[in-house]
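Residues per chain are reported as follows:
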Amino acid sequence: MNETPGNLSTVSTEIAIAASKPVAPETATGGAPLEKVALETYVPPAKPSLIGLTRAEISERLATIGIPREQQRMRVQQLWHWMYVRGVQTFAEMTSVSKDLRAELEKHVTVDRPEVVAEQISSDGTRKWLLRLPSGHDLEKPHEVECVYIPETDRGTLCVSSQVGCTLNCSFCHTGTQRLVRNLTAGEIVGQIMVARDRLNDWADRETPHGNRLVTNIVMMGMGEPLYNFDAVRDGLLIVADNEGIGISKRRITLSTSGVVPNIVRAGEEIGVMLAISLHAVRDELRNELVPLNRKYPIAELMQACRDYPAASNAKRITFEYVMLKGVNDSLDDAKRLVKLLKGIHAKINLIPFNPWPGTRYECSDWDQIEKFSEYVFNAGYSSPVRTPRGRDILAACGQLKSETEKLSARERQALRAMAMTD
(Lines give C-alpha, C1' and ligand atoms only; values in the text may rest on other atoms or scores of the structure.)
Protein backbone atom coordinates (compact mmCIF):
# COMPACT_ATOMS: atom_id res chain seq x y z
CA MET A 1 0.00 0.00 0.00
CA ASN A 2 2.75 2.42 0.85
CA GLU A 3 4.91 3.59 -1.97
CA THR A 4 7.69 5.96 -1.67
CA PRO A 5 7.76 8.93 -2.52
CA GLY A 6 9.60 12.65 -5.92
CA ASN A 7 11.56 15.73 -6.89
CA LEU A 8 15.13 16.60 -7.89
CA SER A 9 17.52 17.67 -5.15
CA THR A 10 20.96 19.18 -5.52
CA VAL A 11 22.54 17.35 -2.66
CA SER A 12 25.93 16.03 -3.63
CA THR A 13 26.15 12.85 -5.64
CA GLU A 14 27.85 11.06 -2.74
CA ILE A 15 25.04 11.86 -0.32
CA ALA A 16 22.34 11.00 -2.84
CA ILE A 17 23.93 7.67 -3.65
CA ALA A 18 24.45 6.84 0.01
CA ALA A 19 20.79 7.53 0.74
CA SER A 20 19.68 4.98 -1.81
CA LYS A 21 22.50 2.46 -1.41
CA PRO A 22 21.11 -1.06 -1.82
CA VAL A 23 20.74 -3.10 1.34
CA ALA A 24 21.00 -6.87 1.26
CA PRO A 25 17.48 -8.32 1.36
CA GLU A 26 16.39 -10.38 4.34
CA THR A 27 14.60 -13.63 3.58
CA ALA A 28 12.29 -15.66 5.75
CA THR A 29 13.12 -19.36 5.84
CA GLY A 30 12.07 -20.79 2.50
CA GLY A 31 10.29 -17.58 1.54
CA ALA A 32 10.67 -14.68 -0.86
CA PRO A 33 12.84 -11.69 0.11
CA LEU A 34 11.16 -9.43 2.65
CA GLU A 35 12.78 -6.37 1.08
CA LYS A 36 13.81 -5.59 -2.47
CA VAL A 37 17.20 -4.22 -3.42
CA ALA A 38 17.24 -0.90 -5.28
CA LEU A 39 18.29 -1.41 -8.89
CA GLU A 40 19.69 2.09 -9.42
CA THR A 41 20.91 5.18 -7.56
CA TYR A 42 20.08 8.82 -8.15
CA VAL A 43 22.39 10.69 -10.52
CA PRO A 44 21.86 14.47 -10.38
CA PRO A 45 21.57 16.36 -13.67
CA ALA A 46 24.30 18.76 -14.76
CA LYS A 47 22.09 21.67 -13.68
CA PRO A 48 20.40 20.45 -10.51
CA SER A 49 17.29 22.00 -8.99
CA LEU A 50 17.24 24.09 -5.83
CA ILE A 51 13.94 22.45 -4.89
CA GLY A 52 14.40 20.24 -1.84
CA LEU A 53 17.58 21.85 -0.55
CA THR A 54 17.74 23.19 3.00
CA ARG A 55 18.49 26.89 3.52
CA ALA A 56 22.07 25.95 4.48
CA GLU A 57 22.50 23.96 1.26
CA ILE A 58 21.15 26.81 -0.85
CA SER A 59 23.56 29.15 0.91
CA GLU A 60 26.42 26.81 0.00
CA ARG A 61 25.31 26.89 -3.64
CA LEU A 62 25.29 30.68 -3.59
CA ALA A 63 28.80 30.67 -2.15
CA THR A 64 30.05 28.55 -5.05
CA ILE A 65 28.86 31.16 -7.57
CA GLY A 66 30.48 34.05 -5.71
CA ILE A 67 27.68 35.53 -3.57
CA PRO A 68 29.33 37.26 -0.54
CA ARG A 69 28.62 35.63 2.82
CA GLU A 70 26.96 38.77 4.19
CA GLN A 71 24.37 38.62 1.38
CA GLN A 72 23.64 34.91 1.46
CA ARG A 73 20.98 34.89 4.17
CA MET A 74 18.93 37.58 2.45
CA ARG A 75 19.29 35.92 -0.96
CA VAL A 76 18.27 32.53 0.46
CA GLN A 77 15.11 34.05 1.94
CA GLN A 78 14.29 35.68 -1.40
CA LEU A 79 14.72 32.40 -3.27
CA TRP A 80 12.77 30.47 -0.63
CA HIS A 81 9.82 32.87 -0.92
CA TRP A 82 9.73 32.78 -4.72
CA MET A 83 9.98 28.97 -4.84
CA TYR A 84 7.64 27.98 -2.03
CA VAL A 85 5.17 30.86 -1.63
CA ARG A 86 4.89 32.11 -5.22
CA GLY A 87 5.67 28.80 -6.89
CA VAL A 88 7.67 30.34 -9.75
CA GLN A 89 9.12 27.99 -12.34
CA THR A 90 11.94 30.19 -13.67
CA PHE A 91 14.47 32.62 -12.20
CA ALA A 92 13.21 35.28 -14.62
CA GLU A 93 10.01 35.52 -12.54
CA MET A 94 11.93 36.42 -9.36
CA THR A 95 11.59 40.17 -9.82
CA SER A 96 13.02 41.14 -6.41
CA VAL A 97 16.30 39.35 -7.23
CA SER A 98 18.88 41.33 -9.21
CA LYS A 99 19.19 40.57 -12.92
CA ASP A 100 22.85 39.72 -12.52
CA LEU A 101 22.14 37.14 -9.84
CA ARG A 102 19.26 35.66 -11.84
CA ALA A 103 21.53 35.29 -14.85
CA GLU A 104 24.23 33.63 -12.73
CA LEU A 105 21.75 31.23 -11.15
CA GLU A 106 20.41 30.33 -14.58
CA LYS A 107 23.88 29.13 -15.58
CA HIS A 108 24.26 26.69 -12.71
CA VAL A 109 20.91 25.58 -11.23
CA THR A 110 17.16 25.42 -11.88
CA VAL A 111 13.90 25.47 -9.95
CA ASP A 112 12.58 22.50 -11.92
CA ARG A 113 10.12 20.00 -10.55
CA PRO A 114 9.04 16.66 -12.04
CA GLU A 115 7.53 16.72 -15.52
CA VAL A 116 3.85 15.80 -15.86
CA VAL A 117 3.71 12.98 -18.42
CA ALA A 118 0.00 12.26 -18.06
CA GLU A 119 -2.98 13.43 -16.04
CA GLN A 120 -6.11 11.39 -15.39
CA ILE A 121 -9.27 12.76 -13.77
CA SER A 122 -11.68 10.34 -12.15
CA SER A 123 -15.44 10.64 -12.26
CA ASP A 124 -15.30 11.55 -8.54
CA GLY A 125 -12.82 14.41 -9.12
CA THR A 126 -9.72 12.52 -8.05
CA ARG A 127 -6.67 13.42 -10.16
CA LYS A 128 -3.67 11.19 -10.82
CA TRP A 129 -0.44 12.50 -12.31
CA LEU A 130 2.29 10.38 -13.83
CA LEU A 131 5.50 12.30 -13.15
CA ARG A 132 8.84 11.89 -14.91
CA LEU A 133 12.04 12.50 -12.98
CA PRO A 134 15.01 13.73 -15.02
CA SER A 135 18.23 11.80 -14.58
CA GLY A 136 21.82 12.88 -14.92
CA HIS A 137 22.72 9.56 -16.54
CA ASP A 138 22.50 9.78 -20.34
CA LEU A 139 21.94 6.04 -20.79
CA GLU A 140 19.37 5.71 -18.02
CA LYS A 141 15.66 5.61 -18.75
CA PRO A 142 13.86 8.48 -16.94
CA HIS A 143 12.13 7.26 -13.81
CA GLU A 144 8.43 7.79 -13.20
CA VAL A 145 6.18 7.93 -10.13
CA GLU A 146 2.51 8.62 -9.48
CA CYS A 147 0.91 11.27 -7.31
CA VAL A 148 -2.83 11.51 -6.49
CA TYR A 149 -5.01 14.47 -5.44
CA ILE A 150 -8.28 13.71 -3.65
CA PRO A 151 -10.69 16.67 -3.30
CA GLU A 152 -13.27 16.65 -0.52
CA THR A 153 -15.68 19.26 0.81
CA ASP A 154 -13.49 20.24 3.77
CA ARG A 155 -9.98 19.44 2.50
CA GLY A 156 -7.82 18.48 -0.44
CA THR A 157 -5.48 15.57 0.20
CA LEU A 158 -2.37 14.88 -1.84
CA CYS A 159 -0.99 11.34 -1.79
CA VAL A 160 2.78 11.54 -2.28
CA SER A 161 5.30 8.86 -3.27
CA SER A 162 8.71 8.22 -1.67
CA GLN A 163 10.27 5.60 -3.97
CA VAL A 164 10.23 4.56 -7.61
CA GLY A 165 8.58 1.23 -6.99
CA CYS A 166 8.56 -0.17 -3.47
CA THR A 167 10.94 -1.93 -1.10
CA LEU A 168 8.21 -4.23 0.18
CA ASN A 169 6.14 -7.13 -1.17
CA CYS A 170 2.72 -6.72 0.48
CA SER A 171 0.57 -9.36 -1.18
CA PHE A 172 -2.61 -7.26 -1.51
CA CYS A 173 -0.90 -4.14 -2.87
CA HIS A 174 -0.56 -3.44 -6.60
CA THR A 175 2.52 -1.29 -6.05
CA GLY A 176 4.13 -4.15 -4.14
CA THR A 177 4.27 -6.13 -7.39
CA GLN A 178 6.65 -3.55 -8.87
CA ARG A 179 10.45 -3.52 -8.73
CA LEU A 180 12.26 -1.13 -6.42
CA VAL A 181 14.12 1.13 -8.84
CA ARG A 182 15.45 3.73 -6.40
CA ASN A 183 14.65 6.09 -3.55
CA LEU A 184 13.42 9.57 -4.33
CA THR A 185 15.36 12.63 -3.24
CA ALA A 186 13.98 15.29 -0.90
CA GLY A 187 13.54 17.55 -3.93
CA GLU A 188 11.56 14.93 -5.79
CA ILE A 189 9.26 14.54 -2.80
CA VAL A 190 8.70 18.28 -2.38
CA GLY A 191 8.32 18.58 -6.16
CA GLN A 192 5.18 16.45 -6.11
CA ILE A 193 3.44 19.00 -3.91
CA MET A 194 4.68 21.79 -6.17
CA VAL A 195 3.40 20.04 -9.31
CA ALA A 196 -0.02 19.63 -7.69
CA ARG A 197 -0.15 23.33 -6.84
CA ASP A 198 0.97 24.17 -10.37
CA ARG A 199 -1.79 22.07 -11.93
CA LEU A 200 -4.45 23.29 -9.52
CA ASN A 201 -3.38 26.96 -9.64
CA ASP A 202 -2.87 26.78 -5.90
CA TRP A 203 -0.11 29.32 -5.28
CA ALA A 204 -0.25 32.68 -3.49
CA ASP A 205 -1.40 34.71 -6.49
CA ARG A 206 -4.18 32.42 -7.64
CA GLU A 207 -7.74 33.69 -7.93
CA THR A 208 -10.45 31.59 -6.29
CA PRO A 209 -13.90 32.46 -4.94
CA HIS A 210 -12.98 31.58 -1.36
CA GLY A 211 -9.22 32.14 -1.24
CA ASN A 212 -8.67 28.79 0.44
CA ARG A 213 -5.85 26.43 -0.42
CA LEU A 214 -6.81 23.41 -2.51
CA VAL A 215 -3.97 21.17 -1.26
CA THR A 216 -4.47 21.22 2.50
CA ASN A 217 -3.30 17.77 3.60
CA ILE A 218 -0.37 15.53 2.66
CA VAL A 219 -0.26 11.77 3.09
CA MET A 220 2.92 9.80 2.50
CA MET A 221 0.94 6.86 1.22
CA GLY A 222 1.95 6.79 -2.42
CA MET A 223 4.51 4.53 -4.03
CA GLY A 224 7.11 3.14 -1.66
CA GLU A 225 7.86 2.68 2.04
CA PRO A 226 8.78 6.12 3.47
CA LEU A 227 10.80 4.78 6.40
CA TYR A 228 13.16 2.97 4.02
CA ASN A 229 14.01 6.38 2.58
CA PHE A 230 14.15 8.15 5.92
CA ASP A 231 16.57 11.04 5.35
CA ALA A 232 14.99 12.26 2.11
CA VAL A 233 11.45 11.93 3.50
CA ARG A 234 12.43 13.83 6.64
CA ASP A 235 14.16 16.63 4.75
CA GLY A 236 11.32 16.92 2.23
CA LEU A 237 8.54 17.01 4.81
CA LEU A 238 10.34 19.62 6.92
CA ILE A 239 10.39 21.87 3.84
CA VAL A 240 6.70 21.20 3.19
CA ALA A 241 5.88 22.12 6.81
CA ASP A 242 8.04 25.26 6.86
CA ASN A 243 5.68 28.14 7.67
CA GLU A 244 7.71 30.59 5.57
CA GLY A 245 7.11 28.50 2.47
CA ILE A 246 4.60 25.82 1.52
CA GLY A 247 3.37 25.97 5.10
CA ILE A 248 1.31 22.80 5.53
CA SER A 249 0.99 22.09 9.26
CA LYS A 250 2.57 18.90 10.62
CA ARG A 251 -0.88 18.09 12.01
CA ARG A 252 -2.03 17.87 8.37
CA ILE A 253 0.83 15.63 7.22
CA THR A 254 0.56 11.88 7.75
CA LEU A 255 3.39 9.42 7.21
CA SER A 256 2.24 5.85 6.64
CA THR A 257 4.53 2.90 7.25
CA SER A 258 4.15 -0.85 6.97
CA GLY A 259 6.11 -1.17 10.19
CA VAL A 260 9.80 -0.33 9.89
CA VAL A 261 10.11 -0.44 13.67
CA PRO A 262 13.60 1.10 14.17
CA ASN A 263 12.59 4.29 12.34
CA ILE A 264 9.13 4.83 13.84
CA VAL A 265 10.27 6.58 17.04
CA ARG A 266 12.95 8.36 15.04
CA ALA A 267 10.23 9.74 12.75
CA GLY A 268 8.41 11.17 15.75
CA GLU A 269 11.57 12.82 17.06
CA GLU A 270 12.99 14.16 13.77
CA ILE A 271 9.89 14.81 11.64
CA GLY A 272 7.00 15.15 14.09
CA VAL A 273 4.14 14.51 11.68
CA MET A 274 1.09 12.29 12.20
CA LEU A 275 1.71 8.54 12.03
CA ALA A 276 -0.28 5.85 10.25
CA ILE A 277 0.42 2.13 10.46
CA SER A 278 -0.52 -0.26 7.66
CA LEU A 279 -1.65 -3.03 9.99
CA HIS A 280 -4.19 -5.17 8.06
CA ALA A 281 -3.98 -8.20 10.36
CA VAL A 282 -4.01 -8.94 14.09
CA ARG A 283 -2.24 -12.31 14.01
CA ASP A 284 1.41 -12.72 13.08
CA GLU A 285 0.79 -15.73 10.84
CA LEU A 286 -1.68 -13.78 8.68
CA ARG A 287 0.30 -10.53 8.71
CA ASN A 288 3.38 -12.50 7.63
CA GLU A 289 1.45 -13.27 4.43
CA LEU A 290 -0.18 -9.87 3.87
CA VAL A 291 2.77 -7.74 5.00
CA PRO A 292 5.88 -9.96 4.82
CA LEU A 293 7.91 -7.29 6.66
CA ASN A 294 6.10 -8.62 9.75
CA ARG A 295 8.52 -11.57 9.73
CA LYS A 296 11.27 -9.09 10.58
CA TYR A 297 9.27 -6.79 12.87
CA PRO A 298 6.35 -8.80 14.34
CA ILE A 299 3.18 -7.25 15.69
CA ALA A 300 4.32 -7.09 19.34
CA GLU A 301 7.42 -5.05 18.39
CA LEU A 302 5.34 -2.81 16.14
CA MET A 303 2.81 -2.09 18.88
CA GLN A 304 5.57 -1.22 21.34
CA ALA A 305 7.07 1.24 18.83
CA CYS A 306 3.63 2.86 18.54
CA ARG A 307 3.35 3.15 22.31
CA ASP A 308 6.76 4.83 22.33
CA TYR A 309 5.94 7.23 19.46
CA PRO A 310 6.75 10.77 20.65
CA ALA A 311 3.81 13.14 21.18
CA ALA A 312 1.14 10.49 20.56
CA SER A 313 -1.92 11.65 22.46
CA ASN A 314 -5.68 11.79 22.20
CA ALA A 315 -5.25 14.92 20.08
CA LYS A 316 -2.58 13.28 17.89
CA ARG A 317 -3.83 9.73 17.59
CA ILE A 318 -2.02 7.11 15.55
CA THR A 319 -4.08 5.86 12.62
CA PHE A 320 -4.15 2.11 12.03
CA GLU A 321 -5.03 1.27 8.43
CA TYR A 322 -6.89 -1.98 7.93
CA VAL A 323 -7.80 -3.13 4.43
CA MET A 324 -10.95 -5.25 4.42
CA LEU A 325 -10.33 -8.58 2.64
CA LYS A 326 -13.25 -10.96 2.23
CA GLY A 327 -12.88 -14.11 4.30
CA VAL A 328 -9.30 -13.20 5.22
CA ASN A 329 -9.25 -10.60 8.01
CA ASP A 330 -12.83 -9.36 8.33
CA SER A 331 -14.41 -11.64 10.94
CA LEU A 332 -15.90 -10.46 14.22
CA ASP A 333 -13.11 -12.34 15.98
CA ASP A 334 -10.59 -10.22 14.04
CA ALA A 335 -12.41 -7.08 15.23
CA LYS A 336 -12.23 -8.27 18.86
CA ARG A 337 -8.53 -9.06 18.53
CA LEU A 338 -7.91 -5.64 16.98
CA VAL A 339 -9.53 -3.82 19.89
CA LYS A 340 -7.50 -5.87 22.38
CA LEU A 341 -4.29 -5.28 20.44
CA LEU A 342 -4.65 -1.48 20.49
CA LYS A 343 -5.48 -1.21 24.18
CA GLY A 344 -3.56 1.68 25.72
CA ILE A 345 -2.65 3.31 22.40
CA HIS A 346 -4.20 6.64 21.37
CA ALA A 347 -5.55 5.31 18.12
CA LYS A 348 -8.16 5.51 15.44
CA ILE A 349 -8.85 2.73 12.96
CA ASN A 350 -9.25 3.46 9.27
CA LEU A 351 -11.15 0.65 7.56
CA ILE A 352 -10.33 0.49 3.85
CA PRO A 353 -12.53 -1.43 1.42
CA PHE A 354 -10.12 -3.39 -0.75
CA ASN A 355 -9.63 -1.90 -4.21
CA PRO A 356 -9.27 -4.73 -6.76
CA TRP A 357 -6.44 -4.56 -9.26
CA PRO A 358 -5.70 -6.76 -12.27
CA GLY A 359 -4.35 -10.13 -11.21
CA THR A 360 -5.10 -9.92 -7.48
CA ARG A 361 -6.38 -12.99 -5.65
CA TYR A 362 -8.23 -10.97 -3.00
CA GLU A 363 -11.79 -9.67 -2.90
CA CYS A 364 -13.31 -6.79 -0.98
CA SER A 365 -15.34 -7.71 2.10
CA ASP A 366 -19.11 -7.56 1.76
CA TRP A 367 -20.48 -4.20 2.85
CA ASP A 368 -22.62 -5.60 5.66
CA GLN A 369 -19.54 -7.36 7.07
CA ILE A 370 -17.55 -4.10 6.94
CA GLU A 371 -20.36 -2.37 8.83
CA LYS A 372 -20.47 -5.10 11.51
CA PHE A 373 -16.70 -4.87 11.93
CA SER A 374 -16.84 -1.07 12.14
CA GLU A 375 -19.70 -1.13 14.63
CA TYR A 376 -17.84 -3.44 17.01
CA VAL A 377 -14.71 -1.32 16.92
CA PHE A 378 -16.72 1.89 17.38
CA ASN A 379 -18.63 0.48 20.36
CA ALA A 380 -15.29 -0.40 21.93
CA GLY A 381 -14.44 3.30 21.96
CA TYR A 382 -12.38 3.72 18.79
CA SER A 383 -13.13 5.96 15.86
CA SER A 384 -13.47 3.57 12.92
CA PRO A 385 -14.39 5.44 9.74
CA VAL A 386 -14.71 3.47 6.54
CA ARG A 387 -12.60 5.15 3.87
CA THR A 388 -14.66 5.93 0.78
CA PRO A 389 -12.93 4.40 -2.26
CA ARG A 390 -11.74 7.17 -4.58
CA GLY A 391 -10.30 7.18 -8.08
CA ARG A 392 -10.89 3.50 -8.72
CA ASP A 393 -11.70 4.08 -12.38
CA ILE A 394 -8.23 5.52 -12.99
CA LEU A 395 -6.40 3.01 -10.76
CA ALA A 396 -5.61 5.78 -8.27
CA ALA A 397 -7.14 4.23 -5.19
CA CYS A 398 -5.31 3.00 -2.13
CA GLY A 399 -2.85 0.23 -2.99
CA GLN A 400 -3.36 0.57 -6.73
CA LEU A 401 -0.52 2.88 -7.77
CA LYS A 402 1.94 1.42 -10.25
CA SER A 403 4.02 3.69 -12.43
CA GLU A 404 4.33 3.45 -16.18
CA THR A 405 7.90 2.31 -15.55
CA GLU A 406 6.15 -1.07 -15.64
CA LYS A 407 3.58 -1.25 -18.42
CA LEU A 408 0.34 -3.15 -17.99
CA SER A 409 0.14 -6.35 -19.99
CA ALA A 410 -2.68 -6.89 -22.49
CA ARG A 411 -4.34 -9.26 -20.00
CA GLU A 412 -4.14 -6.62 -17.25
CA ARG A 413 -5.58 -3.93 -19.52
CA GLN A 414 -8.52 -6.17 -20.37
CA ALA A 415 -9.11 -6.92 -16.70
CA LEU A 416 -8.93 -3.23 -15.84
CA ARG A 417 -11.50 -2.34 -18.51
CA ALA A 418 -13.80 -5.05 -17.22
CA MET A 419 -13.40 -3.79 -13.65
CA ALA A 420 -14.18 -0.23 -14.67
CA MET A 421 -17.37 -1.37 -16.38
CA THR A 422 -18.67 -3.31 -13.38
CA ASP A 423 -17.40 -1.21 -10.49
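In this text the structure is predicted, and so the values were computed from the model without any measurement. (Residues numbered from 1 in each chain as written. Predicted model: local features only at pLDDT ≥ 70, side-chain atom pairs only at ≥ 80, totals over all residues. Heavy atoms only, no water.)

(A) View of the sheet that holds strand S4 (residues 156-159). Strands sit in the order S1-S2-S3-S4-S7-S8-S9-S10-S11 across an open sheet of nine strands; the sheet is mixed. The outermost strands of the open sheet, each flanked by one partner alone, are strand S1 (115-121) and strand S11 (347-353). Within the sheet, the average angular offset between the axes of one strand and its neighbour, ignoring direction, is 20 degrees. Relative to strand S9 (residues 274-278), strand S8 (residues 253-257) runs parallel, the two being bridged by four bridges. Residue pairing across strands places Ser256 opposite Ala276, the latter belonging to S9. (Pairing = 2+ DSSP bridges. Helix = DSSP H or I, 4+ residues; strand = E, 2+ residues; numbered from the N terminus. Axes fitted to C-alpha atoms, helices over the stretch in contact; angles between N-to-C directions.)

(B) Local environment of unusual backbone geometry. Here the phi dihedral of Asn201 falls at roughly 55 degrees; this positive angle occurs in a residue that is not glycine. The topology assignment puts Asn201 in the loop between helix H5 (186-200) and strand S7 (217-220). Residue classification places Asn201 among the partly exposed residues on the basis of a relative accessible area of 45%. Of note in this structure, His280 is not a glycine but carries a positive phi near 70 degrees. Tracing the backbone shows His280 in the loop between S9 and helix H8 (284-290). On the basis of relative accessible area, His280 is assigned to the buried category, the value being 1%. (Buried < 20%, exposed > 50% of the residue type's maximum accessible area, 1.4 Å probe, protein only.)

(C) Spotlight on the pairing of S9. Across the five residues that make up S9, a large majority, five, are buried. Crossover S8 to S9 through helix H7 (residues 261-270) is right-handed. Where S9 and strand S10 (residues 318-324) come together, three bridges link them in parallel fashion. The residue bridging Ala276 from the neighbouring strand is Thr319, located in S10. (Right-handed = clockwise from strand over helix to strand, strands pointing away.)

(D) Quick look at the packing of aromatic side chains. Scanning all chains against the criterion turns up three aromatic pairs. Measuring from centroid to centroid gives 5.2 Å for Tyr322 and Phe373, while their planes differ by 35 degrees, and the two rings are tilted. Here the residue Tyr322 occupies a position in strand S10, and Phe373 occupies one in helix H11 (residues 367-379), the gap between them amounting to 51 residues. Take Tyr322 and Phe373: they sit in the same class, and that class is buried. Above the ring of Trp203, the side-chain terminus of Arg197 is found at 5.5 Å from the ring centroid. (Phe/Tyr/Trp six-rings, centres within 6.5 Å; stacked < 30°, edge-to-face > 60°. Lys NZ or Arg CZ within 6 Å of the ring centre and 35° of its normal.)

(E) Highlighting H5. Under the 1.5 Å per step criterion, the end-to-end length of H5 is 22 Å for 15 residues, consistent within 8% with the ideal 21 Å. Trailing H5 by a residue or two, Asn201 shows a phi angle of about 55 degrees, which is positive. (Expected span 1.5 Å × (residues − 1).)

(F) The arrangement of the environment of Glu225 in detail. Assignment of secondary structure puts Glu225 in the loop between S7 and helix H6 (230-241). In this structure the C-alpha to C-alpha distance between Glu225 and Gly259, which are 34 residues apart in sequence, comes to 9.2 Å. Within the local environment of Glu225, its side chain forms a polar contact with the backbone nitrogen of Ser258, the two atoms lying 2.8 Å apart. (Polar contact = N/O pair within 3.5 Å; in protein donor to acceptor, adjacent residues only side chain to side chain.)

(G) Expanded view of the packing of helix H2 (residues 55-64) against helix H3 (residues 69-86). As a packed pair, H2 and H3 sit with axes 9 Å apart at the nearest point and diverge in direction by 115 degrees. Here H2 runs over H3; the crossing is right-handed. Contacts between H2 and H3 involve Arg55, Ile58, Ser59, Leu62 and Ala63 from the former and Gln72, Arg75, Val76, Gln77, Leu79, Trp80 and Met83 from the latter. Residue classes in the contact of H2 with H3 are distributed as seven nonpolar, three polar and two charged. (Left-handed = near helix turned anticlockwise from the far one by under 90°. Contact = heavy atoms within 4.5 Å. Nonpolar A, V, L, I, M, F, W, Y, C, P; charged D, E, K, R; others polar.)

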